[in-house]
Amino acid sequence: MSRTCLTIILAAGKGTRMKSPLPKVLHRVAGLPMVAHVVNTAIEAGSSKIALVTGHGAGEVKSALQALNLSVDDFTQDQQLGTANAAAAARAAIDEGYDDVLVVFGDTPLVMAETLKSARRELANGTDLVVMGFHAESPTGYGRLVENDGKLIAIVEEKDATDAERKIQFCNGGLMAFNGRHIGAILDAIDDTNAAKEFYLTDAVKVASKSGLRVSAIRASADEVLGVNTRVELAQVETIWQNRARKKHMLGGVSMIAPETVFFHYDTVIEEDVTLEPHIFFGPKVVVKSRANIRAFSHLEGASIGNDCEIGPFARLRPGANLGSSSKVGNFCEVKNADVAVGAKINHLTYIGDASIGENSNIGAGTITCNYDGMNKFKTTIGANAFIGSNSSLVAPVMIGDNAYIASGSVITKDVPVDAVGFGRARQDNKDGLAVALRARIKAIKLAKQKT
Ligand code: UD1
Ligand code: MG
């Protein structure tokens, strides 16, 4: 679309019902603040500029967006006098002159770019004001779309509606798209003569149709316009988001046995032919390459998983876990800030932190990299084809050479050269017959106790 587009995001509401010092729009869905979802969608819909209208916590909202590299122009609405008054706070941006002006809500994060684009297509076809409507089974609380002869003539807010109007189930989802040439004059004409004494953005419909402009409504799904006022609604929005993500990943070639038990982060990347068993949680920044198999009850964040890897069940991958192809991390293993090369195996009950493990090395059950002395972190380097016997502690900084062998139960504090065997434990000493004498002594003690 070559038309220019300004998106105004309204986010000045207090969000009292969230019961939180955090501004409402910074509460997260799939790990991303709600308002950032809206900004991303606006960008995807082709916005040339985004104006964010905040009241409470303006600085906090701005820095959260900056941290995500999302740039917006911010405007402040000093008093919450209604949605039209909030949109008018971005008047300086409007006056820069855009072909299309979209007005969306910061607490309504599920709006889809496709819907914004279809509103913009309506504008391109000559409509001056497009309202996003939806069908509500129970419309209480929403503005009702009043149509006459198939034409939208007004939006009536719940508080101002007649009994007949309250029965209308076609509701206002909140999003509006304006012809940029008219929005300024429309906002100027809106007053606060209504039950709430607020400047309603929805009155734009009445104003526009009175002045002979073309007004229409498009239909969206009720899911898309679900606004968040409480943590209950936040969880509902999260559920809808997760269901969309599950569907997207399955259509992208990911198999899931129980998709409803797998939780994605907004930035999770999964390639084709990956299998996800039930109950997996993805935190931020996880990339899973082709054909990897992630087994049940695994928790992953900041990890990169190579082709054909086998992860879990019950694996914990923390930030910086970088797994080469065909490597394995098995049950009750934790891997953090470690490069694990192609074909290496960490199969059972192990902690690998601040380490690098060479190709095809085998890390025995219960191996621990002792990376922290209470003040500093140190690195463990293990070469290729090494074998670390079970229940070994590798006290970093330490290096284990290629093809080296570590005896089970070792505490390794010195480097182990290439092809060497490292023993880090006392040698075993057997005393013949001593068990007989030991048993006799224990029995005698027991008898003496019974007599007293
Ligand atoms: C609004 C619509 C209603 C629609 C519903 C959909 C109006 C007048 N009503 O009602 O028709 O069915 O959304 O969810 O638009 N805000 C400000 N400044 C203000 C007032 C609001 O920034 O002075 C922001 C809020 O932070 C919020 C958004 O605008 O993000 C919507 O405001 P809200 O009070 O939730 O409007 P509703 O009563 O839900
Ligand atoms: Mg609302």
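Small disclaimer: the values here were computed from a predicted structure and weren't measured.

Peer 1: It is not clear to me how the pattern of salt bridges should be interpreted in this structure. Could you clarify?
Peer 2: One side chain can pair with another of opposite charge once the charged atoms of both are near each other. Summed over all chains, the structure comprises 17 salt bridges. Residues Asp188 and Arg91 are paired through a salt bridge, measuring 2.9 Å at the closest nitrogen-oxygen approach. With Asp188 in helix α7 (residues 183–189) and Arg91 in helix α4 (residues 91–94), this pair connects stretches of sequence that are 97 residues apart. Judged by its relative accessible area of 25%, Arg91 is partly exposed. Two residues, Glu334 and Arg318, come together in a salt bridge whose shortest N-O distance is 2.5 Å.

Peer 1: Even after reading the chapter, I still don't get the nonpolar core, so can you show me in this structure?
Peer 2: What tends to happen in soluble globular proteins is that the nonpolar side chains get buried as a cluster. Leu276, Phe282, Ile305, Ile311 and Leu317 are the most contacted members of the largest nonpolar core, which has 55 residues in total. Looking at this core, the elements that each hand over two or more residues are α9 (231–251), β16 (280–282), β22 (315–317), β23 (321–323), β25 (333–340), β27 (351–357) and β33 (398–400). Here this core gets five residues from one element, more than from any other, and that element is α9. Ignoring any residue separated from it by four or fewer positions in sequence, one finds Ile311 in contact with Asn293, Ile294, Arg295, Ser298, Leu300, Ile305, Leu317, Leu323 and Val329. Counting 35 residues, the second largest nonpolar core, distinct from the first, contains Val38, Ala45, Ile50 and Ala177.

Peer 1: Got a minute to help me understand the packing of aromatic side chains in this structure?
Peer 2: Pairs of aromatic rings are described using the distance from one ring centre to the other and the angle between the two planes. Under the defined criterion, the tally for this structure stands at five aromatic pairs. Measuring from centroid to centroid gives 5.0 Å for Phe134 and Tyr142, while their planes differ by 85°, and the two rings are edge-to-face. Its relative accessible area of 3% is what places Phe134 among the buried residues. Residue Tyr142 is classed as partly exposed on the basis of its relative accessible area, which comes to 27%. Between the aromatic rings of Phe387 and Tyr405, the centroid separation amounts to 4.8 Å while the plane-to-plane angle is 20°, which identifies the pairing as stacked. Separated by 18 residues along the polypeptide, Phe387 in strand β31 (residues 387–388) and Tyr405 in strand β34 (residues 405–406) bring together distant segments of the chain. Among the residues examined, Tyr405 registers a relative accessible area of 44% and is labelled partly exposed.

Peer 1: Is there a simple way to explain the sheet that holds strand β12 (residues 255–256) in this structure?
Peer 2: Sheet strands pair by backbone hydrogen bonding; their relative direction is either parallel or antiparallel. Strand order in the open sheet formed by 10 strands is β12-β15-β18-β21-β24-β26-β28-β31-β34-β36, with parallel pairing between adjacent strands. Of all strands in the sheet, those with a lone pairing partner are β12 and β36 (421–422), marking the two edges.

Peer 1: Help me understand helix α1 (residues 34–44) in this model?
Peer 2: Spacing of three or four residues puts side chains on the same side of an α-helix, whose turn is 3.6 residues. Burial analysis of α1 places eight of its 11 residues in the buried class, the great majority of the element. Turning to α1, its buried residues number three or more, namely Met34, Val35, Ala36, His37, Val38, Val39, Thr41 and Ala42. Just beyond α1, the residue with positive phi is Gly46, at close to 95°.

Procedures and definitions
- All chains use their own residue numbering, which begins from 1 and follows the written sequence.
- Just so you know, chain letters begin at A and ligand numbers begin at 1, following the order they were written in.
- For a predicted model such as this one, the threshold for reporting local features is a pLDDT of at least 70, and the threshold for listing and counting side-chain atom pairs is 80 or more; totals across whole chains, interfaces and linings nevertheless cover every residue.
- Think of the side-chain values as coming from all heavy atoms in the structure, minus any hydrogens and water.
- Any carboxyl oxygen of Asp or Glu that lies within 4 Å of a side-chain nitrogen of Lys or Arg is treated as forming a salt bridge with it.
- Elements are defined by DSSP. Helices are runs of H or I of four residues or more, strands are runs of E of two residues or more, and each kind is numbered from the N terminus.
- Exposure is judged per residue with a 1.4 Å probe applied to protein chains only, and the accessible area is read against the type maximum: over 50% gives exposed, under 20% gives buried, and values in between give partly exposed.
- We call a set of buried Ala, Val, Leu, Ile, Met, Phe, Trp, Tyr and Cys residues a nonpolar core when their side-chain atoms join them within 4.5 Å.
- We call two residues in contact whenever any of their non-hydrogen atoms come within 4.5 Å of each other.
- Only rings of Phe, Tyr and Trp enter the pairing, Trp through its six-membered ring, and a pair is recorded when the two centres are within 6.5 Å. The plane angle decides the type: under 30 degrees is stacked, over 60 is edge-to-face, the rest tilted.
- For two strands to be treated as a pair, DSSP must find no fewer than two bridges joining them.

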